[in-house]
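Read off the chains here:
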Amino acid sequence: MFHVNWKDIEPWPGYRNTCFERDLFAKILPSDEQVKRFEDYLSWAKVFTIAPGKTMLRHQCNHGVFVYVLDGKGKVEAGGGTKEFRPRDSFQIPADIPHAFINEDDTQAVTLLSLGWLCTRKGQQPQVQDVPEGEGATLDDLPVFNWFDEAKFTLGHDGTLWWTGWSDKMGATPEERMFKGHMMCTTPVGVALDPHVHHTGEIYFVEHGEGIMRVGDEEQPVREGSIILIPADEVHAIKSTLDDQQLNILIIATYSEALPLGSDKQNVVLSAVKEGNF
């Protein structure tokens, strides 16, 4: 199982010394066979911390970027427009769109989970370049979603609760989307997401709580800040180990590496694994 926790990684000065970053996968991708199965669409997974009163330099990437706000309030300037953000907000910045992250608070740092997408589908290596103010491509709008605000949960399998975002809002065609969709799964106290399997790979990020994660035949303890890669068609399950707290998991559903991009079979198909509860 590939599992790291960003809080266990020492930060170092990030982009042009305008932030601190933790690279979750950089030293593991070349040697980890499970992680290699994500290389077609996962350019990076990083956590950026922007100090109080600082701005992460304006730049653009040659791949799309998905951002989830872990802590702090600030602003994102993207393609000429500006949006405010706060904890539990998520948004995606398309490739080649200049953007900057601004922390106007003089007392609290801003911490962002950043996932880079589709770079290697274009046959390119990840590239980041400075973009002066007023230059670069523009963006009509930058939708920002907060799953906690919307609180439109539906009952899922095994008694779990689900909020689903982005699946129909990430672009007009599958080729324009960074990934299949993102969801927030909540396992109430005493409830487990039992063993199941589907045709899309997934990334699990533990947003709150502690638990046990199973991928294939392996089990590991996970906690707030853990990120786990789950390859397509791999049996997986998760449950809380706390008696008084629910487990919140941000789930990124990727496209299947075994199916053509845009195929109808890219739809997530869940099936229970008939071997008892987790």
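Residues numbered from 1 in each chain as written. Predicted model: local features only at pLDDT ≥ 70, side-chain atom pairs only at ≥ 80, totals over all residues. Heavy atoms only, no water.

Moving on: the overall build of the protein chain. Scanning the protein chain for helices and strands turns up two helices and 24 strands. Looking at the protein chain residue by residue over its 278 residues, the buried ones come to 51%. A separation threshold of at least 6 residues defines the contact pool for the protein chain, and within that pool the share at least 24 residues apart is 72%. (Helix = DSSP H or I, 4+ residues; strand = E, 2+ residues; numbered from the N terminus. Buried < 20%, exposed > 50% of the residue type's maximum accessible area, 1.4 Å probe, protein only. Contact = heavy atoms within 4.5 Å.)

Before going further, it helps to spend a moment on the sheet that holds strand E9 (residues 89-93). One open sheet holds the seven strands; their spatial order is E2-E3-E4-E11-E6-E9-E13, and the pairing between them is antiparallel. Unpaired on one side and paired on the other, strand E2 (12-13) and strand E13 (145-146) mark the two borders of the sheet. Here E2 runs beside strand E3 (residues 20-23); their pairing, made up of two bridges, is antiparallel. Note that in E3 the partner of Trp12 across the bridge is Glu21. (Pairing = 2+ DSSP bridges.)

Counted according to the given criterion, the structure contains one aromatic pair. With centroids separated by 6.2 Å and ring planes inclined at 35°, the aromatic side chains of Phe85 and Phe91 adopt a geometry described as tilted. Positioned above the aromatic ring of Trp44, the side-chain terminus of Lys46 is 4.4 Å from the ring centre. (Phe/Tyr/Trp six-rings, centres within 6.5 Å; stacked < 30°, edge-to-face > 60°. Lys NZ or Arg CZ within 6 Å of the ring centre and 35° of its normal.)

Looking now at the sheet that holds strand E10 (residues 99-102). Sheet architecture is open: five strands sit in the order E8-E7-E10-E5-E12, paired in antiparallel fashion. The sheet terminates laterally at strand E8 (81-85) and strand E12 (128-130), the two strands that pair on one side only. Strand-to-strand twist across the sheet, computed as the mean angle between neighbouring axes with direction ignored, equals 30°. Sheet topology places strand E5 (residues 55-61) next to E12; three bridges connect them, and they run antiparallel. Residue His59 lies in a different strand from E12, and its bridge partner there is Asp130. (Axes fitted to C-alpha atoms, helices over the stretch in contact; angles between N-to-C directions.)

Our next topic: the nonpolar core. Ranked by size, the top nonpolar core spans 23 residues in total, and within it Leu24, Phe25, Leu115, Ile203, Ile227 and Leu250 carry the most contacts. If you list the elements that add at least two residues to this core, you get strand E1 (2-5), strand E4 (42-50), strand E6 (64-71), strand E11 (110-117), strand E18 (202-208), strand E21 (226-230) and strand E23 (247-253). The contact partners of Leu115, leaving out residues within four places of it in the chain, are Trp44, Ala45, Gly64, Val65, Phe66, Ile203, Ile227 and Ile252. By size, the runner-up hydrophobic cluster in this structure holds 20 residues, among which are Trp44, Ile50, Phe91 and Ile97. (Core = buried A, V, L, I, M, F, W, Y, C linked by side-chain atoms within 4.5 Å.)

We now examine the pattern of salt bridges. In this structure the tally under the stated criterion is eight salt bridges. For the salt bridge of Lys7 with Glu224, the shortest nitrogen-to-oxygen distance reads 3.3 Å. One end of the pair, Lys7, is in the loop between E1 and E2; the other, Glu224, is in the loop between strand E20 (218-223) and E21, and 217 residues separate them in sequence. Glu224 gets classed as partly exposed once you look at its relative accessible area, which sits at 35%. With a shortest N-O distance of 3.5 Å, Glu104 and Lys75 are connected by a salt bridge. Of the two residues, Glu104 sits in the loop between E10 and E11 while Lys75 sits in strand E7 (residues 74-78), which places them 29 residues apart along the sequence. Judged by relative accessible area, Lys75 falls into the partly exposed class, the value being 24%. (Salt bridge = Lys/Arg side-chain N within 4 Å of Asp/Glu carboxyl O.)

Turning next to the environment of Thr186. Counting through the fold element by element, Thr186 comes out in strand E16 (residues 181-187). Its relative accessible area of 4% is what places Thr186 among the buried residues. Sequence separation of Thr186 and Asn248 is 62 residues, and the distance between their C-alpha atoms is 4.6 Å. Among residues more than four places away in sequence, those in contact with Thr186 are Phe153, Thr160, Leu161, Gln246, Leu247 and Asn248. There is a polar contact of 3.0 Å between the side chain of Thr186 and the side chain of Asn248. (Polar contact = N/O pair within 3.5 Å; in protein donor to acceptor, adjacent residues only side chain to side chain.)

In this section: the confidence of the model for the protein chain. Mean pLDDT over the protein chain stands at 81; residues scoring 70 or higher make up 76%. Ignoring residues within four places in sequence, the model shows residues 170-176, a span with pLDDT below 50, making 13 contacts including any to other chains. (pLDDT = per-residue confidence, 0-100.)

Turning next to the environment of Leu70. Mapping Leu70 onto the fold places it in strand E6. Here the alpha-carbon distance between Leu70 and Leu112, two residues 42 residues apart in the chain, equals 5.5 Å. The residues contacting Leu70, other than those within four sequence positions of it, are Trp6, Val47, Pro87, Thr111, Leu112, Leu113 and Phe205.

Moving on: the pairing of E8. The sheet contact formed by E7 and E8 spans five bridges and is antiparallel. Bridge assignment links Gly74 to a residue of E8, and that residue is Phe85. Count of turn residues in the E7/E8 antiparallel hairpin: two residues, of which Gly79 carries a positive phi of about 60°.

What follows is about unusual backbone geometry. Phi is positive for Asp96, which is not a glycine, with a value near 65°. Here Asp96 lies in the loop between E9 and E10. Not every positive phi belongs to a glycine, and Asp233 is a case in point at roughly 65°. The residue Asp233 is located in the loop between E21 and strand E22 (236-240) in this model. Here Asp233 falls in the partly exposed class, since its relative accessible area comes to 44%.

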